[in-house]
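Chain residues, written in single-letter form:
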Amino acid sequence: MNVRRIALLGATGSIGRQAIAVVEASPELELCALASGSSDLDALAARSGVEHVQLGGDLTELLERARPDIVLNAVVGFTGIGATLWALERGITLALANKESLVAAGELARSAQERGGGLLLPVDSEHSAVFQCLEGSAREAVDSIVLTASGGPFRGRNREELADVTVEDALSHPTWSMGPKITVDSATLANKGLELIEAHVLFGLSYDRIEVVVHPSSIVHGLVRFRDGAALAHLGYPDMQVPISWALTYPDRAATDLPRLDLAGGLTLEFAAPDLETFPLLALARRAGELGGTYPCAYNAANETAVAAFLEGRLSFLGIADVVEAALAAAAGAPARDLEELVEADSQARRLAEQGMSVA
Ligand code: NDP
Ligand code: MG
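Computed from a predicted structure; not experimentally measured. (Residues numbered from 1 in each chain as written. Chains lettered and ligands numbered in written order. Predicted model: local features only at pLDDT ≥ 70, side-chain atom pairs only at ≥ 80, totals over all residues. Heavy atoms only, no water.)

So what's going on with the overall build of the protein? Which residues, and what values?
A tally of helices and strands in the protein yields 15 helices and 10 strands. Based on the C-alpha atoms only, the size of the protein along its principal axes is roughly 55 × 50 × 40 Å. Counting all 360 residues of the protein, 54% fall into the buried class. Of the side-chain charges in the protein, 27 are positive and 48 negative, and the distance between the mean point of each set is 3 Å. (Helix = DSSP H or I, 4+ residues; strand = E, 2+ residues; numbered from the N terminus. Buried < 20%, exposed > 50% of the residue type's maximum accessible area, 1.4 Å probe, protein only. Lys, Arg positive; Asp, Glu negative; His and termini not counted. Charge placed at Lys NZ, Arg CZ, Asp CG, Glu CD.)

In C-alpha cells, the structure reads:
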C-alpha cells in the first residue's frame, strides 16, 4: 500500500479539522505538512508527527519543503491562490476546498493545470457530486449541471425582513456547520455565486448550462442532466467528511463509518428556484462570470472585503451585495496575464469595496 502524504493548509479550520479526522481514520493517508493563518499548531504537529509546519506567510515555501503527494487547500479566501497554482503547475494532486482561489484565478488555474497535467479534485460538496456524476461520460453527452443550495438561514424572507439581521443570525446555518466567512456567504447566496463560477472553471460549461436550485435539506448535492433525458444525482447527508475522503482517496473511495442514507425511514426532497431579488449576489456572480476577465476576481475580492466588514459590525447584511455591485461596476475587469496582474485586480477591487463602504 502506497501511503499518500498530505499537506493540509488551513488545518485549524472547519474543513481542516474534519480532514484530520478523515486522515486519522485512514491507514493509507498521512499528514506531512500543516499550515494555519496564526493559530498554534504545535500540539497537532506533535500528535500527528508532522515535521513541516507554518503559521501565515507564503504557503508555497511550506509546500516546497514538504513535497507532498496531495495538497488539501482548505484556507479561506484569496490568500490560498499561491498554493492552488503551485500544485496545479507541478501536476501535484490538488484537493480543493479553497474555492475563492479558483474563482479568482479561473483561466490562470486552467492553464496551470494543463501544463502540470495533475488532478484537480473538488472538495466543495456540490462540485464533488457533479464530478462523480460526470465520470465515465463523454462531454458532448452532457446537457447541463445543477448545483443545489440550502438557501441558508434567511430562505423565504424578503429584503425588508433582512434589513436588521445580525451577525449572529447570519451565522446560524440550518444544515452545514462551517467557518464564519462561508457561513455568511451561504446566508447571502454569494457562496452559490462563487460555486457557479467554480463549476464553470472546473467543468468548462458555459453559464447557461449551470443551474442553481434551492434544496433546503442538502441531501442532493449535485446533478447532471444528459442529452438522452436522463439525470444523475449524488445524494448523502450533509457531512463534509464524505467529499474530503473522496478527494483524498480518489479513485479508490475508502470505507468510512459515516451514516448511510436511510430511504425507508422517509425522505422527502424539495426543490425551488432561488429568490434572486432578495439575494442579488447570486445573479451578480453569474454576470461577473459571463463578463469573464478579472470580473470574477473582483466579485470575490469585493465580497471578501464586505463580509469581513459585516463580521466586524461595520456593514449591514444588505450592504454586502450593494458593496459588491458597486465595486463590480467600477472594476476594470481586463484579463490577467499572470499572478501579479491578478493580485493587482484583487487589490483594486478591495480598494473599491472599502471606498464604497466609506461613502455609504
Ligand atoms: P475556517 O474559517 O473554519 O478555517 C480557515 C482556515 O484557514 C484556518 O485554519 C485558518 O487558520 C486558515 N488560514 C486563514 N488565513 C490563512 C493564511 N493566510 N495562511 C494559512 N492559513 C490561513 O474556514 P472553513 O474551513 O469553513 O473554509 C475553508 C475553505 O473551504 C473556504 O474557502 C470555504 O469556502 C471552503 N469550504 C468550506 C466548507 C465547510 O464546510 N466549512 C464547505 C465547502 C467549501 P487560523 O486558525 O490561524 O485562522
Ligand atoms: Mg458547497
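Read on, since the account is not over.
Tell me about the packing of helix α12 (residues 280-291) against helix α13 (residues 295-311), and please be specific about residues and values.
Contact geometry of α12 with α13 gives a least axis separation of 7 Å together with a crossing angle of 150°. With respect to α13, the axis of α12 lies roughly antiparallel. Contact residues: L281, L284, A285, A288, G289 and L291 in α12; Y295, P296, Y299 and N303 in α13. Split into classes, the residues belonging to the contact of α12 with α13 amount to 8 nonpolar, 2 polar and no charged. (Axes fitted to C-alpha atoms, helices over the stretch in contact; angles between N-to-C directions. Parallel < 35°, antiparallel > 145°, perpendicular 65-115°, else oblique. Contact = heavy atoms within 4.5 Å. Nonpolar A, V, L, I, M, F, W, Y, C, P; charged D, E, K, R; others polar.)

Before we move on, could you go through the coordination of the magnesium ion (ligand 2) and cite the residues and values that matter?
For the magnesium ion (ligand 2), the full set of protein donor atoms is D124 (OD), E126 (OE) and E195 (OE), at a range of 2.0 to 2.2 Å. As a motif over one chain, the donors of the magnesium ion (ligand 2) read D-x1-E-x68-E. With E126 in helix α6 (residues 125-134) and E195 in helix α10 (residues 190-203), the pair connects residues that are 69 residues apart, well separated along the chain. Across the pair, E195 and E126 agree in class, each one buried. (Donors = N, O, S within 2.8 Å, 3.2 Å for Na, K, Ca; no water.)

Account for the site of ligand 1, naming residues and giving values.
Lining the immediate surroundings of ligand 1 are 25 residues, of which T12, S38, S39, E100 and G179 lie closest. S36 is positioned with one of its backbone polar atoms (N or O) 3.5 Å from a nitrogen atom of ligand 1. One of the backbone nitrogen or oxygen atoms of S38 is found 2.6 Å away from an oxygen atom of ligand 1. Considered on its own, ligand 1 offers 910 Å² of accessible surface; in the complex 85% of this is hidden by protein. At the level of elements, α1 (14-24), α5 (99-116) and α9 (180-188) are the ones that each hand at least two residues to the shell around ligand 1. (Near = heavy atom within 4 Å. Polar contact = N/O pair within 3.5 Å; in protein donor to acceptor, adjacent residues only side chain to side chain. Areas by Shrake-Rupley, 256 points an atom, 1.4 Å probe, with all protein chains shown as cover.)

How would you summarise the sheet that holds strand β6 (residues 120-122) if you had to cite specific residues and measurements?
Read across the open sheet, the 6 strands follow the order β3-β2-β1-β4-β5-β6; overall the sheet is parallel. In the strand order of this sheet, the two ends are held by β3 (52-55) and β6, each with one partner. Across the sheet, the axes of successive neighbouring strands diverge by a mean angle of 20°, strand direction being ignored. Bridging between strand β1 (residues 4-9) and strand β4 (residues 70-73) involves 4 bridges; their strand directions are parallel. Note on β4: the bridge partner recorded for I6 is I70. Together, β1, β2 (29-36), β4, β5 (93-96) and β6 form the strand contacts of helix α11 (residues 241-249), whose direction differs from that of β6 by roughly 165°. (Pairing = 2+ DSSP bridges.)

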